[in-house]
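# Residue-level structural notes
Chain by chain, the residues:
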Amino acid sequence: MPLYEGLGGIGLINEKNITVVFDFGAAYTKAGFAGETGPRVIAKSEVICRETGKTVPVFQAKDDEELRHHLVDFIHKLYFRHLLVNPKDRRVVVVENLLGPSSVRNILAKVLFRHYEVLSVLFVPSHLVSLMTLGVTTGLVVDMGYQETTVVPVYENVPILYTWQALPLGGKAIHSSLNELLLDRALILGEDGKEQRLSAVKQKLSDKVLEDIKVRTCFVTTLERSGRVQSNKYDRSVEPPPPAPSVQYPMSGSSILTIPGTVREMATEVLFEMDEDLLTLPSMILNALRQCPIDTRQALAGNLVFIGGTASVKGMKHRILSEVQALVSSPPFMDLLKLNSFKVHQPPAKDNYVAWLGGAILGGTEAVVLRSLPRDQYILNDTVPDWCNLAYNSKDESDEKSV
Ligand SMILES: Nc1ncnc2c1ncn2[C@@H]1O[C@H](COP(=O)(O)OP(=O)(O)OP(=O)(O)O)[C@@H](O)[C@H]1O
Ligand SMILES: [Mg+2]
């Protein structure tokens, strides 16, 4: 092969038919090609509803038929506006959440096979493939996305599925806490030069503005500072820590929002507030470890992997680690988990597309040929083999004979 043709085909299945990799998320969808180091696009998971003409989240639909329409329109946009390739007869890798509903996966398969006539689809679990980016086989993977945070430990490339944990603690929870705090404490300087409380002007800030404020100004405070703020609430004699500097944020028009330092610091605390059931982000990690076989716990604790966009908030990983270390030496975890060291991996990509990158690595290997579901097989009975379906998971007769 002359070099001027490029090196793209080397080591990959076929340059012309390079596999497409999707990671569909509640807030953002990552799409690109296998064997590349990052997605070509990170698009908002939104479509224009055919009935109302309004922009709505892709996965928010009243029934299966509407979801199918949303997916057809959204995938069309991904292929023809962003990736600029023809879906027909091209392989696809879909990075999916192991805990996601089977109905969504079935509709997605229907759209890809029946509408776009793709050659094959390989569904890969996001927690498992994220480890491929690090080259390790064991890790406790915490996916902190928009809708929820999910924890799945993986030991020697096998997800320990029965120990999964999930809580609605993600970007969405931070946005609603930030909205409340801003309405309560922020001041807005209007075009007329008058300063007033934000709640006097607005009832709710849009998700887009909240996200921008969060990414630009918010951070996760340290365990020690957070403890002093909490103590001050109940006991006024405890001095609160000096607040972080406030920030001037330009809003639409010429009005300026003054975001107090306490709001910047406290908006993310919602992920760490412990309720009566002791359910918070750090306790999810310890609960998952507690349910794992005893001889796997130390290896898992030494290989924590945080993925998902919410893990990128400044100070997040440091805070989770210090909370976990504090929690493991106090009841009820102290007697159950005798763990002494927790370590966090640094993935070779931005947190929000680590899972996509894992799918892109897998999509560049033989697995995409050997393990994918081909269109011919799907067309026979219109179902996707599923690990939780007994029809595909029952013991083979030949297995029984050989025992
Ligand atoms: N650098 C960053 N700093 C802070 N937050 C960020 C950053 N990058 C992304 N986010 C937040 O991460 C969230 C999106 O993360 P991600 O793309 O992993 O979610 P998703 O995959 O769409 O959601 P889910 O996994 O729940 O389906 C958004 O709330 C976004 O605001
Ligand atoms: Mg996600």
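Residues numbered from 1 in each chain as written. Chains lettered and ligands numbered in written order. Predicted model: local features only at pLDDT ≥ 70, side-chain atom pairs only at ≥ 80, totals over all residues. Heavy atoms only, no water.

Where an unreviewed UniProt entry is consulted, the protein chain appears under the name Actin-related protein 10, with the organism given as Cherax quadricarinatus. Under the heading Sequence similarities (unreviewed entry), UniProt records this for the protein chain: "Belongs to the actin family." (UniProt positions renumbered as here; feature names shortened; annotations may be inferred.)

We now examine the overall build of the protein chain. Each helix and strand in the protein chain was counted, giving 16 helices and 17 strands. Against the 2.2 N^0.38 benchmark of 22 Å for 403 residues, the protein chain shows a C-alpha radius of gyration of 24 Å, consistent with a compact globule. In the protein chain, which comprises 403 residues, the proportion classed as buried is 46%. For the protein chain, the share of sequence-separated contacts (at least 6 apart) that also reach a separation of at least 24 residues comes to 65%. Summed over all atoms, the accessible surface of the protein chain reaches about 20600 Å², with 53% contributed by carbon and sulfur. Mean positive and mean negative side-chain charge positions of the protein chain (42 and 46 charges, respectively) differ by 4 Å. (Helix = DSSP H or I, 4+ residues; strand = E, 2+ residues; numbered from the N terminus. Rg over C-alpha atoms; globule rule 2.2 N^0.38 Å. Buried < 20%, exposed > 50% of the residue type's maximum accessible area, 1.4 Å probe, protein only. Contact = heavy atoms within 4.5 Å. Areas by Shrake-Rupley, 256 points an atom, 1.4 Å probe, with all protein chains shown as cover. Lys, Arg positive; Asp, Glu negative; His and termini not counted. Charge placed at Lys NZ, Arg CZ, Asp CG, Glu CD.)

Inspection of the entire model under this criterion finds 18 salt bridges. The partner of Arg40 in a salt bridge is Glu36, with the nearest N and O atoms 2.7 Å apart. A salt bridge links Asp89 to Lys88; its shortest N-O distance comes to 4.0 Å. Among the ionic contacts, a cluster of salt bridges with common partners joins Lys88, Asp89, Glu117 and Arg375. (Salt bridge = Lys/Arg side-chain N within 4 Å of Asp/Glu carboxyl O.)

The next subject is the sheet that holds strand S14 (residues 247-250). The strand order S13-S12-S15-S14 describes an open sheet built from four strands, whose pairing is antiparallel. Bordering the open sheet on either side are strand S13 (195-197) and S14, each of which pairs with just one other strand. Across the sheet, the mean angle from the axis of one strand to that of its neighbour is 30°, orientation sign disregarded. Note: S14 against strand S15 (residues 256-259), four bridges, orientation antiparallel. (Pairing = 2+ DSSP bridges. Axes fitted to C-alpha atoms, helices over the stretch in contact; angles between N-to-C directions.)

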